[in-house]
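Residues per chain, in single letters:
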Amino acid sequence: MKLRPLAILMLAASPALAVTHGAREFYNEGVTRLGKGELRDAEMALRKAAGADVESVQPLALYNLGHVRFRQGEEMLKGEGNRQQLLDSSVAAMNVAEEAIRSGGHALESDELKAIIAAYMDARAAQKDLRISRDETSRTLGLIGSALERWRRSAGDFHSALELDATNTDAKTNAEVVEQKIEELLKFKKQIEQQSEQVSEEREKVKDMKKKLRGKIPKDMQRESDDEEDDDDDEEKKEPQIGEKQKQRLGSDREVSPDMARWLKETMKRRTMSLGTQQEGEGFRPTEEQRRPSQRKGRDW
Amino acid sequence: MKMTQQTIEGRAREVAAVLSFFLVLLAPQSRAASTPDERFKKASEAYAAGEFADAVYELREMVNEGNFSAAAFHNLGDAEWKVGRHGHAVLAWERALSLDPFSKNTTANLRFARHNARVDAPQLAWHERYSTALPGGWWIVIASAGLWGGVALLTLPRLLGWRRADWHQGVAAALFAIFLLCGPALFGTWKRSQFGVVLEDDVPLRLTPTREAETLVKVTAGEMARVERERGEYFYVRADGDRAGWVRKADFALVWPR
């Protein structure tokens, strides 16, 4: 009989105990996962622990959540490659472009067809280098953006842990470290953003020079594929309109003249030799998948 | 002549300065001294003249002084809406409706505001809906009258030595029934006291009650949510669609402040 009040009390307290128990379980699971390096699962478990509103668990869960998110940011940055190398390659591409512009200017002054064609080819190569550099930079910027997002959240978590438990000096230190890391990353981001702008300016200059040089090349010596490459170079490839798509599928109604056939033969050969990619150099052969018409680039002749 | 004139001007200036000093001192007192009726009238005039911010000021002062009424809240809601503070407008209308659930104008305004903000009315349980039939205070009065009237009818005849009559028991039973019927309404009223209104747009609901906590979801001005817990400067609220999280008390107000 004496046990009845105790049983009633325990029954009444059971929801509160269950919440505490759940929060602790989630916290323990999160810490275990963090130890194993399973960051995604650790994050999910620790978020549940922090959200359970158990005052004893919440600051610790937030503290560990800060760790998880910092490491997630680090993992993301592993894919960015060597920073100095990235900056150097951009500078090199810009130097090549400068050189191409300079030689293009000289060729235009000399008005010598051979020099113009050579300068035009250099400009094309420079443009390609700049495009590679731009792609690499934008990829890195994407990674940095994601890492920054994680690290900012991490700093927020450490600050929150400190706010809930003012004695947690580790959280304070960690928040400072993360903020410092964020600052460094922002500096680098600014650096590559500036460089990216310069690369864009340089690309515009090269493009202009290419246009000028192209204007000097006789029509019968020009390759239509150059136009396509210029189009490919534009950052935002415009989605063809429905009508245009239809046209592409049907093919244009131009006929291939003997001159054009000869020119095509020549240029295709030249393209493989002078501007061949690594794959082509190694004897690239398209697979069945790549041979499908829908995968083909360029026009139907 | 010139000298005298200057002296007179100088004295006049002194007197004006002293007067203006006293006027400045008296100004807040005279403002504070304005009666609720005067404030209400001022607010109505300001509203009619298109000076909505002044109307808001007057009505707020009036309400904060404890002189609130359904009409004052309704007008405050209108003025707040006009100055673009939609969350505050919904709060004022909700307060007006809790004092006078029969007001068609307030109900229409709330419906319009919610439609405009694309926000649904809060989902109420049956006892909460039942409690909205009458103002909260009325239920207490009716329940008290039912209980104590029933008790009185059963005990007083014995105590006073009156002859027992059947109608005593009949009326007592009816009063107890009324008291019992008030029970769910009182419970519903208490449950509705947990409701509050989001005051600003894009208010974050956070994972933890901290300044830099992770944002789980954002809620819009005028949305209603139920307060489940309270800690420091934060409420833990649950809005429709099971969206829950911690919100700063500055961004959220209970319809019936504690």
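Basis of the calculations
- Residues numbered from 1 in each chain as written.
- Chains lettered and ligands numbered in written order.
- Predicted model: local features only at pLDDT ≥ 70, side-chain atom pairs only at ≥ 80, totals over all residues.
- Heavy atoms only, no water.
- Helix = DSSP H or I, 4+ residues; strand = E, 2+ residues; numbered from the N terminus.
- Buried < 20%, exposed > 50% of the residue type's maximum accessible area, 1.4 Å probe, protein only.
- Contact = heavy atoms within 4.5 Å.
- Areas by Shrake-Rupley, 256 points an atom, 1.4 Å probe, with all protein chains shown as cover.
- Pairing = 2+ DSSP bridges.
- 1 Å grid on protein atoms, 1.4 Å probe; cavity = no way out; pocket = protein on both sides within 12 Å on 5 of 7 lines; lining within 4 Å.
- Points joined across faces, edges and corners; volume = space filled by probe spheres on them.
- Nonpolar A, V, L, I, M, F, W, Y, C, P; charged D, E, K, R; others polar.
- Phe/Tyr/Trp six-rings, centres within 6.5 Å; stacked < 30°, edge-to-face > 60°.
- Lys NZ or Arg CZ within 6 Å of the ring centre and 35° of its normal.
- Axes fitted to C-alpha atoms, helices over the stretch in contact; angles between N-to-C directions.
- Parallel < 35°, antiparallel > 145°, perpendicular 65-115°, else oblique.
- Left-handed = near helix turned anticlockwise from the far one by under 90°.
- Salt bridge = Lys/Arg side-chain N within 4 Å of Asp/Glu carboxyl O.
- Patch = residues over 30% accessible without salt bridge, like charges linked within 9 Å, V, L, I, M, F, W, Y side chains within 5 Å.
- Lys, Arg positive; Asp, Glu negative; His and termini not counted.
- Charge placed at Lys NZ, Arg CZ, Asp CG, Glu CD.

*Asks:* Any chance you could break down the overall build of chain B for me, citing the residues and the numbers?
*Replies:* Secondary structure summary: chain B contains 9 helices and 7 strands in total. Taken over 258 residues, chain B has a buried fraction of 39%. By sequence separation, contacts in chain B at least 24 residues apart represent 55% of the contacts at least 6 residues apart. Accessible surface, chain B: about 15300 Å² in total, of which carbon and sulfur atoms supply 60%.

*Asks:* Now, about the pairing of strand S2 (residues 203-206) of chain B: what can you tell me, with residues and values included?
*Replies:* Residues and elements named next belong to chain B. Along S2, one buried face is formed by Val-203 and Leu-205 and the opposite face, lined by Pro-204 and Arg-206, is buried too. Judged from the 4 bridges that link them, S2 and strand S3 (residues 215-219) form a sheet pairing that is antiparallel. Note on S3: the bridge partner recorded for Val-203 is Val-219.

*Asks:* Give a description of empty space enclosed by the protein that names residues and reports values.
*Replies:* All names here are of chain B. With the rule as written, the count across this model stands at 1 cavity of 30 Å³ or more. Estimated volume of the largest cavity: approximately 40 Å³. Within the residue set of the lining of the largest cavity, elements represented by two or more residues are helix H5 (86-99) and helix H6 (104-117). Ranked by the residues each element gives to the lining of the largest cavity, the list is headed by H6, at 3 residues. Looking at the lining of the largest cavity, its residues break down into 6 nonpolar, 2 polar and 1 charged.

*Asks:* Lay out the packing of aromatic side chains with the relevant residues and their values.
*Replies:* Any pair of aromatic rings gets described here by the distance separating the centres and the angle formed by the planes. Residue and element names in this part refer to chain B. One pass over the structure, following the stated rule, counts 11 aromatic pairs over all chains. A centroid spacing of 5.2 Å and a plane angle of 70 degrees characterise the contact between Tyr-236 and Trp-246, whose relative ring orientation is edge-to-face. Taken together, the residues Tyr-236 in strand S5 (residues 234-239) and Trp-246 in strand S6 (residues 243-248) connect sequence positions 10 residues apart. Classification of Trp-246 as buried rests on a relative accessible area of 0%. Taken together, the ring pairs in this structure connect Trp-81, Trp-93 and Phe-112 into an aromatic cluster. Sitting over the face of the ring of Tyr-236, Arg-229 holds its NZ or CZ atom 4.2 Å from the ring centroid. The positively charged end of Lys-249 is found above the aromatic ring belonging to Phe-235, 5.2 Å away from the centroid.

*Asks:* Go over the packing of helix H5 (residues 113-164) of chain A against helix H6 (residues 169-216) of chain A, please, and point to the residues and values.
*Replies:* Residues and elements named next belong to chain A. For the pair H5 and H6, the least separation of the axes is 7 Å and the interaxial angle reads 160 degrees. Our classification of the angle between H5 and H6 gives roughly antiparallel. Between H5 and H6 lies a crossing of left-handed hand. A class-by-class count of the residues in the contact of H5 with H6 yields 26 nonpolar, 8 polar and 15 charged.

*Asks:* Provide a residue-level description of the pattern of salt bridges, including the pertinent values.
*Replies:* Enumeration according to the criterion identifies 28 salt bridges over all chains in this entry. Notably, a salt bridge pairs Arg-47 of chain A with Glu-214 of chain B, separated by 3.1 Å at the nearest N-O pair. With Arg-47 of chain A in helix H2 (residues 39-51) and Glu-214 of chain B in the loop between S2 and S3, this pair bridges two chains. Arg-226 of chain B is the salt-bridge partner of Glu-128 of chain B, the closest N and O atoms lying 2.6 Å from each other. Taken together, the residues span a long stretch of sequence, with Glu-128 of chain B in helix H7 (residues 126-131) and Arg-226 of chain B in strand S4 (residues 224-231) at a distance of 98 residues. Each member of the pair, Glu-128 of chain B together with Arg-226 of chain B, is buried. A single salt-bridge network, built from bridges that share partners, covers Glu-43, Arg-47, Arg-69, Arg-150, Arg-153 and Asp-157 of chain A together with Glu-214 of chain B.

*Asks:* Describe in detail a negative patch on the surface, supporting the description with residues and values.
*Replies:* Together, Glu-163, Glu-176, Glu-179, Glu-183 and Glu-184 of chain A together with Glu-212 of chain B give the surface a local cluster of negative charge. Among the elements that line the negative patch, the one with the most residues is H6 of chain A, at 4 residues. Structurally, the position occupied by Glu-179 of chain A is in helix H6. Look at Glu-179 of chain A and you get partly exposed, because its relative accessible area is 34%.

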